[in-house]
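Listed here are the chains, written in short residue letters.
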Amino acid sequence: MTNIDDLVAQLAQDATQVKPAPHPFKLSLQWMGAAAIYLAVSLAFSGLRPDWRATLGNPWFIAELAALLAVFIVTSLSAALLAFPDLHQKRRLAFAPVASFALLVLLLFLAWRSDNPPAPLPVHSFECTLSITLMTLLPAVWTFYSMRKFASTHYRLAGSVALLSAFSVGALWLRLHEVNDSIAHVVEWHYLPMLGIGLLGLWLGKVFLKW
């Protein structure tokens, strides 16, 4: 009996203390805080669009920014929930990005209908998608790296939502930096690429988040 007691005591001493996983709300706030700093630093280097004061009087532009910010917040929270096997018993919140994207689509449609006569198209096109994608890389890397520490059982969806969250950071940056009022251009080169990004995230989730 003494030997067994000694063995139990030794095993108890040798046991490594496991650090509890953070709550998904806290985890998403960490990601959002890092993204906010990243966005602020990026704008400090690139600069705000010169006509930013005038854009404050454009309700459609402000509404678009608010909807895009909502997409970022909701996708960040969803990605944090999807990082856990049981979605932290918050399944509805995990799938909330569907509603936020529906709101953004509706807003863009209304803004397009009200853009009469249409604002002139900028001289560039795919450069916007490329710029947003480049801005997406860093937040995407840190989000995926953080999510790998957990045990997602929805790794494809988690990867897709995480990448969409990172892409929305780049989209916010470009809307605040680029002088462009053409809603047609914004839909085509800023937001439609989100479809491809979401599909890419499904594959990246399988590659990097599967355990």
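For the structure, see preceding data.
Residue positions within a chain follow its written sequence, with the count starting from 1. Where totals are concerned, whole chains, interfaces and linings use all residues; where local detail is concerned, this predicted model gives features only for residues with pLDDT of at least 70, and gives and counts side-chain atom pairs only at 80 or more. Neither water nor hydrogens contribute to the side-chain values; these are computed over all heavy atoms in the structure.

1. Let's talk about unusual backbone geometry
Right, so step 1: With omega at 0°, the peptide bond leading from Asn-116 into Pro-117 counts as cis.
Right, so step 2: The helix and strand labels rest on DSSP assignments: H or I over at least four residues marks a helix, E over at least two residues marks a strand, and numbering proceeds from the N terminus. Structurally, Pro-117 can be placed in the loop between helix H6 (97-114) and helix H7 (126-147).
Right, so step 3: The phi torsion at Leu-87 lies on the positive side, around 55°, for a residue other than glycine.
Right, so step 4: Mapped onto the elements, Leu-87 comes out in the loop between helix H4 (59-82) and helix H5 (91-94).
Right, so step 5: Accessibility expressed as a relative area gives 3% for Leu-87, which makes it buried.
Right, so step 6: One non-glycine residue with positive phi stands out, namely Gln-89, at about 55°.
Right, so step 7: Among the structural elements, Gln-89 can be located in the loop between H4 and H5. Classification of residues uses two cut-offs on accessible area relative to the type maximum, computed with a 1.4 Å probe and protein chains only: under 20% is buried, over 50% is exposed, and between them is partly exposed.

2. Notes on the nonpolar core
Right, so step 1: The biggest cluster of nonpolar side chains holds 52 residues, and the ones touching the most others in it are Met-147 and Tyr-191.
Right, so step 2: Among the secondary structure elements, those contributing two or more residues to this core are helix H2 (24-46), H4, H6, H7, helix H8 (155-177), helix H9 (183-191) and helix H10 (193-208). Nine residue types can take part in a nonpolar core, namely buried Ala, Val, Leu, Ile, Met, Phe, Trp, Tyr and Cys, and a core is a set of them joined through side-chain atoms within 4.5 Å.

3. Quick notes on the pattern of salt bridges
Pairing between side chains of opposite charge can happen when their charged atoms approach one another.
Right, so step 1: One side-chain nitrogen of Lys or Arg within 4 Å of one carboxyl oxygen of Asp or Glu is enough to make a salt bridge. Scanning the model with the defined rule gives 3 salt bridges in all.
Right, so step 2: Between Asp-51 and Arg-49 there is a salt bridge; the shortest N-O distance is 2.7 Å.
Right, so step 3: For Arg-49, the salt bridge goes to Asp-181, with nearest N and O atoms at 3.1 Å. Of this pair, Arg-49 sits in the loop between H2 and helix H3 (52-55) while Asp-181 sits in the loop between H8 and H9; the two residues are 132 residues apart in sequence, bridging distant segments of the chain.

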